[in-house]
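A structural walkthrough
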Amino acid sequence: MSEMTQAHAPVTHADWPLRPWLLAALLGIAGLCVHLFSDWNADNMPPWRAALVAAFAFGPLALAFTVDRLRWKEPLVFAGLVALVMAGIAWRVTVAGDRYADKSFWLAAGLVAITLALPLFQAGFHRLRWRTAYDQTHFHVWTDAISGAGALVFTGVSWLLVVLLAALFSAIDIDIVENVVDEPWFGWTFSGAAFGAALGVLRNQLKIIGTLQSVVMLVFSIIAVPLAAALAIFLLAVLASGIAVLWNATESPTPLLLSVAVVAFVLVNAVIRNADHEVSGNRALRWASLVLALAILPLALLAAISTGTRIGEYGLSPERLWGIVAVAVAVAYGVAYFAAPIRGRMAGWMERVRRANMHLAVATCVLAFILALPLFDFGAISARNQIARLESGEVSVDEFDFDALRWDFGDAGRDALERLAKSDDAKAAELAASALAQEARTYRDVEGGTERNERLANLRMQFEDETLRRHVESHVRASPWRCDNPCVALDAGPGDNGRRRVALVEDGRIAWEEFDLAQPADQAAVTAVREAAIRAEFDAPEQRAGSQVEIREWTGRRVYIDGQPAGDPFE
């Protein structure tokens, strides 16, 4: 064990023989409580159940990572706060129902906040504030990750052993083990106990974990060299070819760019360690860390440009607003890492990065906590932006995504649709009313307006009923799989249920739809039967844009294409 590694271990930490047993009992009971209070089979879990599940899942886990024989009061308070915060977020998420569209992001923000708060608390930030030692914080970040990962591996191995034992006893007709394993309460309790026991053993060996941390960072440091070379080539290629090359390669490069920036961030910190005297003297590693530090800002700026381009084209949505938050955090880290080598002309840039890490971690933790609170309605902000784009003419009625307002913006989007349904623009009002009446998402927004217009141009309706024509057109507009090739709609008259039957003929195949003309157009279509393929005794006739498609009497009625029968008789 090196003296350097020992210096990083917390002063208050000590070997505690009872730790594995206590953590196994703590997390085992927590797992049992999660099972008792949860109702996973319910369509909507009651808010009080969700709150208790979150409290028993995250509170004991926070206590397990922080408690020590000589220091248990502060960890108990911290765990209580974690349980309270996550219970409140879970309550809010459950109560929200479909009134808000970004509930999962609230939970994600809460997880980010407590994940960042954990090593800060372990390092004593709540007492020392900005005097908190960076090496202590950095030490806890890595040891928490390593011990947590090790405990997960142990839990998986334990489950494998239990399954093997259950099979072994079942082979001699002793099914009690298998029966117990199949009980829902056992899975939660055993997983918690196994994770707690492993975590307790590993937390008792933090000095050894610290040594393992050095090994892990050394491996990551080696990876930093090829990644730095690859990123340098990538950024030079983008600079030479133009940013458009990214848009041609992928429709949404932002997640990819941010992911690479996160990897670069991790590898930079693996190289710069806790202090300058710990950094490897290898010049390749030092230069690689510098290249990666400088590359984070360009990657973040490219992600910002990508997000801005998409917002300029499609407007705001709750997901894009959360994307803006992620990009803003990445840009903040990028600016700090880019400025560190410049400010002192390379001298002491690693120490400036370490100071920036502490400040940015605290700021990100606070930001994530604020965003998890019910202070902002990203759905309302996005809905106002979308309506402004429509009213200003920035997007036409045909191009406007009414379905997104119905499904992706919560109550704020539906309120906006209700206002649009009463607008003076007849077409906008009709499409808004149709979207409001939807009971299932049609996902027409998976295609652009140009593709949709091309499909509509392929549609030929061989009847004059204007109401039915509107219904068929709305159905094809909302169904991206319809009319990619020339297609014909035929009126087959009313069915036994009073709905109007329509045959949609495309590529020699027939899709039967039923329309309730008393309902809004987008909601009137019901697929009556499966899409009828041509029967084996008939070859599918060739269908051209100008083909004559008609209904003929043939022991009942059926569809003919250029005089050749297609599909089954429908009467």
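In the block above lies the structure referred to throughout.
Residues numbered from 1 in each chain as written. Predicted model: local features only at pLDDT ≥ 70, side-chain atom pairs only at ≥ 80, totals over all residues. Heavy atoms only, no water.

On to the packing of aromatic side chains. Summed over all chains, the structure comprises 15 aromatic pairs. Measuring from centroid to centroid gives 5.3 Å for phenylalanine 265 and tyrosine 333, while their planes differ by 75°, and the two rings are edge-to-face. Highlighted residues: phenylalanine 265 in helix α12 (residues 254–272) and tyrosine 333 in helix α14 (residues 318–343), separated in sequence by 68 residues. In textbook terms, an aromatic cluster arises when at least three aromatic residues are bridged by ring pairs, as seen for Trp159, Trp185, Phe186 and Phe190. (Phe/Tyr/Trp six-rings, centres within 6.5 Å; stacked < 30°, edge-to-face > 60°. Helix = DSSP H or I, 4+ residues; strand = E, 2+ residues; numbered from the N terminus.)

Viewed as axis vectors pointing N to C, α12 and helix α15 (residues 349–372) meet at an angle of 125°, and their least axial separation amounts to 11 Å. Overall, the two elements α12 and α15 adopt an arrangement that is oblique. The interaxial crossing formed by α12 with α15 has left-handed handedness. Of α15, the residues touching α12 (which contributes Phe265, Asn269 and Ile272) are Trp349, Met350, Val353, Arg354 and Asn357. Here the residues of the contact of α12 with α15 are counted per class, giving five nonpolar, two polar and one charged. (Axes fitted to C-alpha atoms, helices over the stretch in contact; angles between N-to-C directions. Parallel < 35°, antiparallel > 145°, perpendicular 65-115°, else oblique. Left-handed = near helix turned anticlockwise from the far one by under 90°. Contact = heavy atoms within 4.5 Å. Nonpolar A, V, L, I, M, F, W, Y, C, P; charged D, E, K, R; others polar.)

What follows deals with the state of the cysteines. Counted under the stated rule, the structure contains one disulfide. In this model, cysteine 483 is linked to cysteine 487 through a disulfide, with the two sulfur atoms separated by 1.9 Å. Around the S-S axis, the bridge from cysteine 483 to cysteine 487 shows a dihedral of about 90° and counts as right-handed. Cysteine 487 shares its class with cysteine 483; the two are buried. (Disulfide = S-S within 2.5 Å. Buried < 20%, exposed > 50% of the residue type's maximum accessible area, 1.4 Å probe, protein only.)

In this section: the nonpolar core. Residues Leu231, Leu292, Tyr337 and Trp349 are the most contacted members of the largest nonpolar core, which totals 37 residues. A per-element tally of this core places helix α13 (residues 283–314) first, with ten residues. Once residues lying within four places of it in the same chain are set aside, the contact partners of tryptophan 349 are Ile272, Arg286, Ser289, Leu290, Ala293, Ala340 and Pro341. Trp16, Ala62, Ala96 and Leu316 belong to the second-largest nonpolar core, a separate cluster that totals 36 residues. (Core = buried A, V, L, I, M, F, W, Y, C linked by side-chain atoms within 4.5 Å.)

A separate point is the pairing of strand β4 (residues 509–515). Most of β4 sits out of view: six of its seven residues are buried. Strand direction decides the pairing type here: strand β3 (residues 500–506) and β4, joined by seven bridges, are antiparallel. Directly across from alanine 503, in β4, lies its bridge partner tryptophan 512. Connecting the antiparallel pair β3 and β4 is a turn made up of two residues, with aspartate 507 showing a positive phi of about 55°. (Pairing = 2+ DSSP bridges.)

Moving on: the pattern of salt bridges. Per the counting criterion, the structure on display carries 15 salt bridges. Of the charged contacts in the structure, one is a salt bridge between aspartate 398 and lysine 427, with a shortest N-O distance of 2.5 Å. With a gap of 29 residues between them, aspartate 398 in the loop between α16 (378–391) and α17 (402–407) and lysine 427 in helix α19 (residues 426–436) connect regions that are remote in the sequence. You can call lysine 427 partly exposed: its relative accessible area is 36%. The partner of arginine 500 in a salt bridge is aspartate 491, with the nearest N and O atoms 2.9 Å apart. Taking relative accessible area as the criterion, aspartate 491 reaches 24% and is therefore assigned partly exposed. Among the charged side chains, a salt-bridge network with shared partners connects Arg71, Glu74 and Arg127. (Salt bridge = Lys/Arg side-chain N within 4 Å of Asp/Glu carboxyl O.)

Helical geometry note: an α-helix holds 3.6 residues per turn, so side chains three or four residues apart project in the same direction. Taking 1.5 Å per residue, 14 residues should reach 20 Å; α16 reaches 20 Å between its end C-alpha atoms and fits that length. Among the residues of α16, Phe378, Gly379, Ala380, Ser382, Ala383, Gln386, Ile387, Arg389 and Leu390 are the ones counted as buried. In the core, the buried residues of α16 are packed alongside α13, α14, α15, α17 and α18 (410–421). The backbone nitrogen of glycine 379 lies 3.1 Å from a side-chain oxygen of the residue at the head of α16, namely aspartate 377. Where α16 terminates, the next one or two residues include glycine 393, which has phi positive at roughly 85°. (Expected span 1.5 Å × (residues − 1). Polar contact = N/O pair within 3.5 Å; in protein donor to acceptor, adjacent residues only side chain to side chain.)

Helices that pack against each other are described as a pair by the angle of their axes relative to one another and the distance between those axes. Running from N to C, helix α4 (residues 73–96) and helix α5 (residues 103–122) cross one another at 175°; their axes reach a closest spacing of 9 Å. Accordingly, the angle class assigned to the pair α4 and α5 is roughly antiparallel. Judged by residue contacts, Glu74, Pro75, Phe78, Val82, Met86, Ile89, Arg92, Val93 and Ala96 of α4 engage Lys103, Trp106, Leu107, Gly110, Leu111, Ile114, Ala117, Leu118 and Phe121 from α5. Across the contact of α4 with α5, the residue classes break down as 14 nonpolar, one polar and three charged.

Turning our attention to the pairing of β3. The element β3 is largely enclosed, with a buried count of seven among its seven residues. The side-chain alternation of β3 yields two buried faces, one formed by Arg500, Val502, Leu504 and Glu506 and the other by Arg501, Ala503 and Val505. As paired elements, strand β2 (residues 487–494) and β3 share seven bridges and run antiparallel to each other. Following the sheet pairing, cysteine 487 is matched in β3 by glutamate 506.

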